[in-house]
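Residue-level listing of the chains:
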Amino acid sequence: MAQAQHAANFYVPAAVRWWRRPWMIPLVVLVGAFLIYVLPPYLSLNPEESRVTLVPGFRIHYGVVLTHVFAGTLAQLTVCLQVWTWLRERHPKAHRISGWIYVFGGVIPATLAGLVLSPFVVPHSGSVGTFVQGVLFIAVTIRGFVMGRQGRYPEHRRWMIYSFAFALATIWGRIFNLVVFGLFPHAITNLTVVSLVMEASTWIGWVANLIIAQWWLERTTNQPGWGAVRSSSPV
C-alpha cells in the first residue's frame, strides 16, 4: 500500500503531462535565439567586440559586463529547467540543484552586475527602469527561494513565477528596441530619442511579464490537481 501511494505521488497526473505544457518548446527556442544573438561578441573576451559602449576610466566596466552576460545566460538556461514540469515532478533533486544555480549562480550575480551597469545603460542619464527591475528581481527571487526552503510551496510557486517573469524581461526589451529602431532607423541618430526608447524598453518587458504572470496565477492556482503532488516538490 505504501509503495502504491509513493507511485501515485511520483507520477505526474494527466492534467500536467508534457503535451499540456506546449509553451516549453517556444520558450526554449526564444531563450536559445536570444542567447545566440547576445553571447557571441563576449565569447572572445575581447573588449573591442562589446555591444556595450565602455566608459573610459571605468576599469572594471568590461568585467562587470561579462559577469552580467554570463551569469544572465546561466539564469535564463536554468529558469527553463525550473519551469519544466516533467523535471520538477520526476526528478525533484535536479529541480532543486538547478534552482540553487539559478538563484546564486545566475540571478544574484547577474542582477548585481546589472545594478552597477544601470547608470551607464542610457546615454548621459542612467536607467531608472533597469535599477527598479534589478532590485525587484533579486527581492522576488530570494523570497521565492526562502519560501521553498521553508516548505511553503504555494508561496514558493507564486514568487518564483514572478522571478520567471523578470528573467525573461530583457528579451522583450531587446525585441522592442530592434522593432522600434528597425521601423525608424533615423531615430538612432537622435540621442534624446535613443534614451527614451531604451528607457521604455527597460520597463515594458518586466511590467508586461508581471501582468501576464499575475493573470496566470489567478487562472491556475485553484485548478484541480495542483495540490499535494506539485506542492510536495522540494526547492
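Just so we're clear, the structure is a prediction, and the values are computed from it rather than from any experiment. Every chain begins its residue count from 1, and numbering advances along the sequence as written. With pLDDT at 70 or above as the cut-off, local features in this predicted model cover only qualifying residues; side-chain atom pairs require 80 or more to be listed or tallied, and sums for whole chains, interfaces and linings still use all residues. Processing note: side-chain calculations cover all non-hydrogen atoms of the structure and skip hydrogens and water entirely.

## Points about the overall build of the protein chain
(1) Moving on: When helices and strands are counted, the protein chain shows 11 helices and zero strands.
(2) Moving on: Partly exposed describes any residue whose relative accessible area lies between the buried limit of under 20% and the exposed limit of over 50%, with all areas from a 1.4 Å probe on protein chains only and scaled to the type maximum. Here the protein chain holds 235 residues, and 43% of them are scored as buried.
(3) Moving on: Contacts were defined at the residue level, with two residues in contact if any of their heavy atoms lie within 4.5 Å. Within the protein chain, residue pairs in contact and separated by at least 24 positions form 69% of the contacts whose partners lie at least 6 positions apart.
(4) Moving on: Residue burial considers only the protein chains on display, and all accessible areas are found by Shrake-Rupley using a 1.4 Å probe. Accessible surface for the protein chain amounts to roughly 13100 Å². Of this, 71% is attributable to carbon and sulfur atoms. Helix and strand definitions follow DSSP, with helices as H or I runs of at least four residues and strands as E runs of at least two, each counted in order from the N terminus.

## A word on the environment of Val103
(1) Moving on: With respect to the helices and strands, the residue Val103 is situated in helix H6 (residues 92-117).
(2) Moving on: The exposure class assigned to Val103 is buried, which follows from its relative accessible area of 2%.
(3) Moving on: Between the alpha carbons of Val103 and Ala75 there is a distance of 7.5 Å; along the sequence they are 28 residues apart.

## Some words on the confidence of the model for the protein chain
For any part of a model where pLDDT is low, the fine detail of the predicted coordinates should not be relied upon.
(1) Moving on: Each residue gets a pLDDT score, which is the predictor's confidence in that residue and runs from 0 to 100. Across the protein chain, pLDDT averages 81, with 82% of residues at or above 70.
(2) Moving on: The lowest-confidence element of the protein chain is helix H11 (residues 227-231), averaging 40 in pLDDT; the highest-confidence one is H6, averaging 94.
(3) Moving on: Within the model, pLDDT remains below 50 along residues 1-16, and this stretch shows 15 contacts once partners closer than five positions in the same chain are excluded.

## Here's the deal with unusual backbone geometry
(1) Moving on: One non-glycine residue, Leu45, lies in positive phi territory at about 60°.
(2) Moving on: Classification of Leu45 as exposed rests on a relative accessible area of 52%.

## Considering the packing of aromatic side chains
(1) Moving on: Pairing of aromatic side chains here covers Phe, Tyr and the six-membered ring of Trp, requires ring centres within 6.5 Å, and sorts the geometry by plane angle: under 30 degrees stacked, over 60 edge-to-face, intermediate tilted. Across all of its chains, the model carries nine aromatic pairs by this definition.
(2) Moving on: Look at Trp215 and Trp216: their rings are 6.4 Å apart centre to centre, the planes differ by 55°, and that puts the pair in the tilted class.
(3) Moving on: As a reminder, the over-ring test applies to NZ of lysine and CZ of arginine, requiring each to be within 6 Å of the ring centre and within 35 degrees of the ring normal. Positioned above the aromatic ring of Tyr37 is the side chain of Arg51, whose terminal nitrogen or guanidinium carbon lies 4.4 Å from the ring centre.

## Comments concerning the side chain of Arg88
(1) Moving on: The residue Arg88 is located in helix H5 (residues 85-90) in this model.
(2) Moving on: When charges are tallied, Lys and Arg are placed among the positive residues and Asp and Glu among the negative ones, while His and the ends of the chain are skipped. Salt bridge, as used here: a side-chain nitrogen of Lys or Arg that lies within 4 Å of a carboxyl oxygen of Asp or Glu. For the buried Arg88, which has no salt bridge, the nearest side chain bearing the opposite charge is Glu89, at an N-O separation of 4.4 Å.
(3) Moving on: By the criterion applied in these results, polar contacts are pairs of N or O atoms within 3.5 Å in which, for protein atoms, one can donate a hydrogen and the other can accept it, and in which residues neighboring in sequence qualify only through two side-chain atoms. At a separation of 3.4 Å, a polar atom in the side chain of Arg88 contacts the main-chain carbonyl oxygen of Gln82.

## A short note on helix H9 (residues 169-183)
(1) Moving on: For a helix, the expected span equals 1.5 Å multiplied by the number of residues minus one. For H9, built from 15 residues, the straight-helix expectation of 21 Å at 1.5 Å per residue is met to within 8% by its first-to-last C-alpha distance of 21 Å.
(2) Moving on: All buried positions along H9 are accounted for by Ala169, Ile171, Gly173, Asn177, Val180 and Phe181.

## Considering the environment of Ala33
(1) Moving on: Following the sequence through the fold, Ala33 ends up in helix H2 (residues 24-38).
(2) Moving on: By relative accessible area, Ala33 is classed as partly exposed at 46%.
(3) Moving on: Taking the C-alpha atoms as reference points, Ala33 and Ile171, 138 residues apart in sequence, are found 9.7 Å from one another.

## Section: H6
(1) Moving on: When the terminal C-alpha atoms of H6 are compared, their 35 Å separation across 26 residues agrees well with the 38 Å that a helix rising 1.5 Å per residue should span.
(2) Moving on: Consider a residue and the seven residues that end there alongside the seven that start there; fitting an axis to each set, the bend is the angle between those axes. Tyr102 marks the point of greatest bend in H6, at about 35°.

## With respect to the nonpolar core
(1) Moving on: Grouping buried Ala, Val, Leu, Ile, Met, Phe, Trp, Tyr and Cys residues that are joined through side-chain atoms within 4.5 Å yields what is termed a nonpolar core. Ranked by internal contacts, the top residues of the largest apolar core, which has 39 residues, are Leu27, Val31 and Tyr102.
(2) Moving on: Setting aside its immediate chain neighbours within four residues, Tyr102 contacts Ala75, Thr78, Val79, Gln82, Val107, Phe137, Thr141, Met160, Ser163, Phe164 and Ala167.
(3) Moving on: Listed in part, the five residues of the second largest apolar core include Val180, Phe181, Ala187 and Val194.

## Examining the pattern of salt bridges
(1) Moving on: Following the criterion strictly, the structure yields one salt bridge and no others.
(2) Moving on: For Arg152, the salt bridge goes to Glu155, with nearest N and O atoms at 3.9 Å.
(3) Moving on: On the accessibility criterion, Arg152 (36% relative accessible area) is partly exposed.

## Thoughts on the packing of helix H8 (residues 153-167) against helix H10 (residues 191-220)
Between two packed helices, what matters for the description is the angle formed by their axes and the separation of those axes.
(1) Moving on: Working convention: axes come from line fits to C-alpha atoms, limited for helices to the stretch in contact. Angles between N-to-C directions cover 0 to 180 degrees. Where H8 contacts H10, the axes come no closer than 8 Å and their chain directions differ by 150°. The angle between H8 and H10 falls in the class roughly antiparallel. As H8 runs across H10, the sense of the crossing is right-handed. Counted together, Arg157, Arg158, Ile161, Tyr162, Ala165 and Phe166 of H8 and Trp206, Asn209, Leu210, Ala213, Gln214, Trp216, Leu217 and Thr220 of H10 form the full contact between these two elements. Any angle between 65 and 115 degrees counts as roughly perpendicular, while under 35 counts as roughly parallel, over 145 as roughly antiparallel, and the rest as oblique. For any helix crossing, the convention is left-handed if the near helix is rotated counterclockwise from the far helix by under a right angle, and right-handed if that rotation is clockwise.

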